[in-house]
Amino acid sequence: MIEFRFAVDDLATTSFAYSPLQEAVFSLRCLHDPARYAHHRPWLRRIRPRLENLDHELLTALVAPWLWVPDFLSPRPTRARPVFADELDEVRRTPPDVVTADFRATYRTEGALPPVVVHGLADQSAFLTRLADALDAYWHTCLSDGWWPRVHSILEADLAHQARVLAEQGAAALFAGLDPRLVWDEDQLRLTRTGDTAPWPSVDIRIAGRGLVLMPTIFARGAQTVLDPTRPPMLIYPARGRATLSEAPPPVTDRALARLLGRPRARLLSLLAEAASTTELAHRLNVTPGAVSQHLAVLYDAGLLSRTRSGRTVRYRRTALGDELCRSFPLL
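**Q** What's the story with the side chain of Ser27 in this structure? I'm lost.
**A** Positionally, Ser27 belongs in helix α1 (residues 20-27). When its relative accessible area of 0% is taken as the criterion, Ser27 is described as buried. If sequence neighbours within four positions are ignored, Ser27 has contacts with Trp43, Tyr138, Leu143, Trp147 and Phe219.

Structure, rendered in structure tokens:
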């Protein structure tokens, strides 16, 4: 059982934050146990070919077989919404002895350390640089573009929900909602761990004016924490809505652009792959030039059309943005 002990003012300094670095490091758990993280399988299938061009041996060694990771790879955020690059800079500043101690604690015995870690710890400074560079490459190759924006929106929505629960129902309901095994009792928060791959020992963590940070993650099925009571206290819990990561976007249909712009404007945009005048478009659509002119003005102001004048005739044509929109949402 883990107990967080609060002094009188400690509950007032409890706050929420999320960490892109933590989510990146925790995502490596999927490589060890894909079945445990079923919601992430579509993403894992997409990024597996990219992993071959990364420091794959080291990245997989950051997670022990029982899915623990070294504590220094997920430092407690100093603000609610940190930037990945800033967090990675903090990792680069980790004292070498902490790197060694955390790897040994993660793998429990030195004999269980993977060869890449054993060899790396012989030159701790160079190893830390290699490790940070590997995480940076992993972030930009596999996570930052399509994956993190979706995860970010889930974490933001979770923070908004928790703030509402705290305001409407109080701290006891808040903690119970994070994990049913969390129980608030007077001046302490208790977490009982059962059924883990590697059960945690009993730990007594005193907040002692340091503030408890509550952190949602999409890579947990229950609450967890850093077991070292000397480190800044934080409680990691499963984010609401994480199952939506496995949802595929609806297929684009021939009516998608019409729903976005309205059918008359969508039809005009479709026709303007080649330049045409208002009169020509009105004739092709069998409507009045005035009606066409109004829609063209809206599309032009939105940057979807360009126009050129030849004498008294103005001719319109799709811009690159208009072309891209039509490729993404084919009309017919």
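**Q** What should I look at first to understand the packing of aromatic side chains in this one?
**A** Aromatic ring pairs are described here by two measures, namely the spacing of the ring centres and the angle between the planes. For the structure on display, the rule yields 12 aromatic pairs. Relative to Tyr237, the ring of Phe16 has its centre 6.2 Å away and its plane inclined at 85°; by these criteria the two rings are edge-to-face. Of this pair, Phe16 sits in strand β2 (residues 15-16) while Tyr237 is found in strand β8 (residues 234-238), placing the two residues 221 residues apart along the sequence. Each member of the pair, Phe16 together with Tyr237, is buried. Joined through ring pairs, the aromatic side chains of Tyr18, Tyr37, Trp43, Phe84, Trp139, Trp147, Trp148 and Phe219 make up one cluster. If you follow Arg108 out to its NZ or CZ, it ends over the ring of Trp66, 4.0 Å from the centre. Across the ring face of Tyr300, the terminal group of Arg307 is positioned such that the distance to the ring centre comes to 3.9 Å.

**Q** How do you make sense of the pattern of salt bridges when you look at a structure like this?
**A** Scanning the model with the defined rule gives eight salt bridges in all. We note a salt bridge from Arg79 to Asp86, for which the minimum N-O separation is 3.2 Å. Of the charged contacts, one joins Glu156 and Arg81 as a salt bridge, the two residues approaching to 2.6 Å between their closest N and O atoms. Residue Glu156 is found in helix α9 (residues 147-169), and its partner Arg81 is found in the loop between α4 (56-61) and α5 (84-92); the two are separated by 75 residues along the sequence.

**Q** I'm lost on the pairing of strand β4 (residues 188-191) in this one. Help?
**A** It is a general feature of regular strands that their side chains alternate between the two faces of the sheet. Of the pairings in the sheet, the one linking strand β1 (residues 2-5) to β4 comprises four bridges and is antiparallel in character. Each residue of the ladder has a partner; that of Ile2, found in β4, is Leu191. Inspection of the sheet shows strand β3 (residues 182-185) paired to β4 by four bridges, in the antiparallel sense. Bridge assignment links Asp185 to a residue of β4, and that residue is Gln188. Once β3 ends, the chain turns through two residues before running back antiparallel as β4, passing Glu186 with a positive phi of about 55°.

**Q** Just to check I follow, could you spell out the environment of Asp97 for this structure?
**A** Assignment of secondary structure puts Asp97 in helix α6 (residues 96-107). According to the relative accessible area criterion, Asp97 is exposed, its value standing at 53%. Separated by 24 residues in sequence, Asp97 and Leu121 have C-alpha atoms that sit 9.6 Å apart.

**Q** Sorry, what's going on with the environment of Arg221 here?
**A** In this fold, Arg221 is placed in the loop between β6 (213-217) and β7 (224-225). Arg221 sits in the exposed class, given a relative accessible area of 60%. When near neighbours in sequence (up to four residues on either side) are disregarded, Arg221 contacts Arg36 and Pro238.

**Q** Would you explain the sheet that holds β4 in this entry?
**A** Two modes of strand pairing occur in sheets, parallel and antiparallel, and in both the strands are linked by backbone hydrogen bonds. Across the sheet, four strands lie side by side as β3-β4-β1-β5; this open sheet has mixed pairing. The open sheet has two edge strands with one neighbour each: β3 and β5 (203-206). The mean angle between the axes of side-by-side strands here comes to 20°, regardless of whether they run parallel or antiparallel. Contacts from helix α10 (residues 171-178) reach β3 and β4 within the one sheet, and its direction differs from that of β3 by about 160°.

Conventions used here
- Residues numbered from 1 in each chain as written.
- Predicted model: local features only at pLDDT ≥ 70, side-chain atom pairs only at ≥ 80, totals over all residues.
- Heavy atoms only, no water.
- Helix = DSSP H or I, 4+ residues; strand = E, 2+ residues; numbered from the N terminus.
- Buried < 20%, exposed > 50% of the residue type's maximum accessible area, 1.4 Å probe, protein only.
- Contact = heavy atoms within 4.5 Å.
- Phe/Tyr/Trp six-rings, centres within 6.5 Å; stacked < 30°, edge-to-face > 60°.
- Lys NZ or Arg CZ within 6 Å of the ring centre and 35° of its normal.
- Salt bridge = Lys/Arg side-chain N within 4 Å of Asp/Glu carboxyl O.
- Pairing = 2+ DSSP bridges.
- Axes fitted to C-alpha atoms, helices over the stretch in contact; angles between N-to-C directions.

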